[in-house]
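Notes for the structure review
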Amino acid sequence: MSTDVTSDANGKPESGAPTSGAVTVTEAGRPQAPVSGKMSRESVTVIVTLLVATFVVILNETIMNVALQRLMTDLQVSASTVQWLATGFMLTMAVVIPTTGFILQRMSTRGAFMLAMGLFSGGTLLAALAPGFLVLLLARIVQAGGTAIMLPLLMTTILTLVPMSKRGAVMGNVSIAISVAPAMGPTVSGIILDHFSWRFMFVFVLPVALAAFAIGAKYLTNVGEREKTTLDVASVILTVPAFGGLVYGLSQIGGTDAGIVPVIALVVGILCLALFVFRQLKLQKSDAPLLDLRAFKFRMFTVSTLLMVVAMMALFGGVILLPLYLQNTLHLQPLETGLALLPGGLAMGLLGPVIGRIFDKVGPLPLTVSGSVLMVLTLWQFSRLDEGSALGWVIALHVTLSLGLALLFTPAFTTGLNPLPPHLYSHGSAIISTAQQVSGAAGTALLVSIYAVVSASSGLVAGMQAAFLAATIIAVAAVVLGAMMRKTEGAGGHGGH
């Protein structure tokens, strides 16, 4: 797989590497990223299909989270039980994503896509027909298995097919799926639940998922090269307590009646993660790791991953805390809350492609510095909100925060993944997706804990202000990391080593 030069297995440029022009073709005859110029129609079809599918799976996730209250009533289960529909999905994602580096190397593009959308469609159908809670939980776990494969598959395919000069713009389109889908979730969910049964959340998604599956089955071509890597069973087993324990512990530790179980899960998760890392470093010597950590040898990949970790902590804080503020302090209804947060999500997604094109021209530094400064200033303003704050001002702040995050995400994704040699594309994508899962859970745990502790003694507004002030302090790290960003070249280039 080539980017702007042809690389050998170690990411070094080979002699006779093309310097411009046409698509490079592998020995297997598969298309790869041209160095410059336009993408082929075939490549555009592949990426658009994957984008639509990613949008659908992320939209379904956010629709579901908003509907938990209705499901408690309809399925006659407690709040702690119904929460497992979200927790089970998140844990499955956390366990499956680290294995996607291996999955994407072993399977063809079409095979990986059909596995992902097959699992998602099957889970969606099972959820729509679920007679009770346990079957619905099983359906969510099946759905999560498909969702976990989609985003790393999309990013790996973009790296393989898109010329270096256009990667920012195409990665910007990914932010439409990542940002607009969650923003639309609460509104779409509110409309569906106002007029239909909760089952229609799945009934409406199923035809779109099946259409994406059919289009992909017919038109997707296989890109990149499959590698005959062996599956390390011990590593797969370790992912369950390592990433599952970490995400579960972090997500539950902020609860009011959390108890000792999340603490035990967190400790077990950290110990198993250390074992997992040690195992991968050992397997790298024989080129057979489940998750190849050699991506961290590229400096810009490491800086970009850390920047996204900080940004995700801030983003998840906003996603969790703002609805609490709007509903508990400003007394908005759930649908009104969704509509209030919609402009920010739409702005973030729709600005993604524009920011991507600017990134292709100016590089990451001006974007990441301005984005991180905006994020700090906005979170600080959030920490000053109270009972008398105007809804219009809250919406304006949320739109500004979304702009700041948009300025961070596209440059961070692209700058981090650009310098990787082709054999690390899928592993780099898997590492970034895993880091996002863990940091999102960590950000939520920290900020919700602060909110709960301060609210108990000083009231809801004081709790929210303290939590947003903590998010502001975390976001200062993003300014430092943003200032360290540099333009990266492709594998074999110098930027980012």
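Our subject is the structure listed above.
Summary of the structure given here. All residue numbers refer to position in the chain's written sequence, counted from 1. Only residues with pLDDT of at least 70 get local features here, since the model is predicted, and only at 80 or more are side-chain atom pairs given and counted; chain-wide, interface and lining totals rely on the full set of residues. As a rule here, side-chain values cover all heavy atoms of the structure and leave hydrogens and water aside.

It is worth spelling out the overall build of the protein at this point. Scanning the protein for helices and strands turns up 18 helices and zero strands. Only protein chains enter the calculation, and the probe is 1.4 Å; a residue is then buried if its accessible area is under 20% of its type maximum, exposed if over 50%, and partly exposed in between. Buried positions account for 56% of the 497 residues belonging to the protein. Throughout, a contact is declared for two residues whenever any of their heavy atoms are within 4.5 Å. A fraction of 80% describes how many contacts in the protein between residues 6 or more apart in sequence connect residues 24 or more apart. Only the protein chains shown count as cover for residues, with accessible areas throughout obtained via the Shrake-Rupley method and a probe of 1.4 Å. When the accessible surface of the protein is totalled, it reaches about 19,600 Å², and 69% of it is carbon and sulfur. Helix and strand assignments come from DSSP, with helices taken as H or I runs of at least 4 residues and strands as E runs of at least 2, each series counted from the N terminus.

This part takes up the packing of aromatic side chains. Any two rings among Phe, Tyr and Trp, with Trp reduced to its six-membered ring, count as a pair given centres within 6.5 Å; such a pair is stacked if its planes are under 30 degrees apart, edge-to-face if over 60, and tilted if neither. Enumeration according to the criterion identifies eight aromatic pairs in this entry. A ring pair is formed by Trp84 and Tyr248, whose centres lie 5.6 Å apart and whose planes are at 20°; its orientation type is stacked. Of the two residues, Trp84 sits in helix H4 (residues 84–96) while Tyr248 sits in helix H11 (residues 233–253), which places them 164 residues apart along the sequence. Overall, Trp84 belongs to the partly exposed group, its relative accessible area being 36%. Tyr248 sits in the buried class, given a relative accessible area of 16%. Centre to centre, the rings of Trp198 and Phe202 are 6.4 Å apart; their planes meet at 90°, and the pair counts as edge-to-face. Residues Trp198 and Phe202 agree in their burial class; the two are buried. Ring-pair connections join several aromatic residues into one group, and the members of that group are Phe196, Phe200 and Phe204.

This next bit is on unusual backbone geometry. Notably, Gln76 is not glycine yet its phi reads approximately 55°, a positive angle. Mapped onto the secondary structure, Gln76 falls in the loop between helix H2 (68–75) and helix H3 (79–82). According to the relative accessible area criterion, Gln76 is exposed, its value standing at 73%. Residue His331 is not a glycine yet carries a positive backbone phi of 60°. Structurally, the position occupied by His331 is in the loop between helix H13 (299–328) and helix H14 (334–362).

Within the fold, Asn418 resides in the loop between helix H16 (391–417) and helix H17 (425–458). By relative accessible area, which is 4% here, Asn418 ends up buried. Within 3.5 Å is the distance limit for a polar contact, defined as a pair of N or O atoms, with the added protein rule that one can donate a hydrogen and the other accept it, and that residues adjacent in sequence qualify only through two side-chain atoms. In this structure the side chain of Asn418 is engaged in a polar contact, spanning 2.6 Å, whose partner is the side chain of Arg167.

Secondary-structure assignment places Thr157 in helix H7 (residues 133–161). The buried category is assigned to Thr157, whose relative accessible area is 2%. Ignoring any residue separated from it by four or fewer positions in sequence, one finds Thr157 in contact with Val46, Leu50, Thr109 and Val223.

Turning to its location among the elements, Ala94 is positioned in helix H4. What makes Ala94 buried here is its relative accessible area of 4%. For the pair Ala94 and Tyr248, spaced 154 residues apart in the sequence, the C-alpha separation amounts to 9.3 Å. Apart from the residues lying within four places of it in its own chain, the contact partners of Ala94 are Phe243, Val247 and Gln437.

The next point concerns the pattern of salt bridges. We count a salt bridge whenever a side-chain nitrogen from Lys or Arg sits within 4 Å of a carboxyl oxygen from Asp or Glu. Scanning all chains against the criterion turns up three salt bridges. The closest approach of N and O atoms between Arg294 and Asp287, which form a salt bridge, is 2.9 Å. Taken together, the shared-partner salt bridges connect Asp287, Asp292 and Arg294 into one network.

What follows concerns a nonpolar patch on the surface. Residues Ile253, Ile260, Val261, Val263, Ile264, Val267, Val268 and Leu271 make up a contiguous nonpolar surface patch of about 670 Å² in total accessible area. Tracing the backbone shows Val268 in helix H12 (residues 261–284). Take Val268: its relative accessible area is 37%, and that puts it in the partly exposed class. Within the patch definition used here, like charges are joined within 9 Å and nonpolar side chains (Val, Leu, Ile, Met, Phe, Trp, Tyr) within 5 Å, considering only residues with over 30% relative accessible area and no salt bridge.

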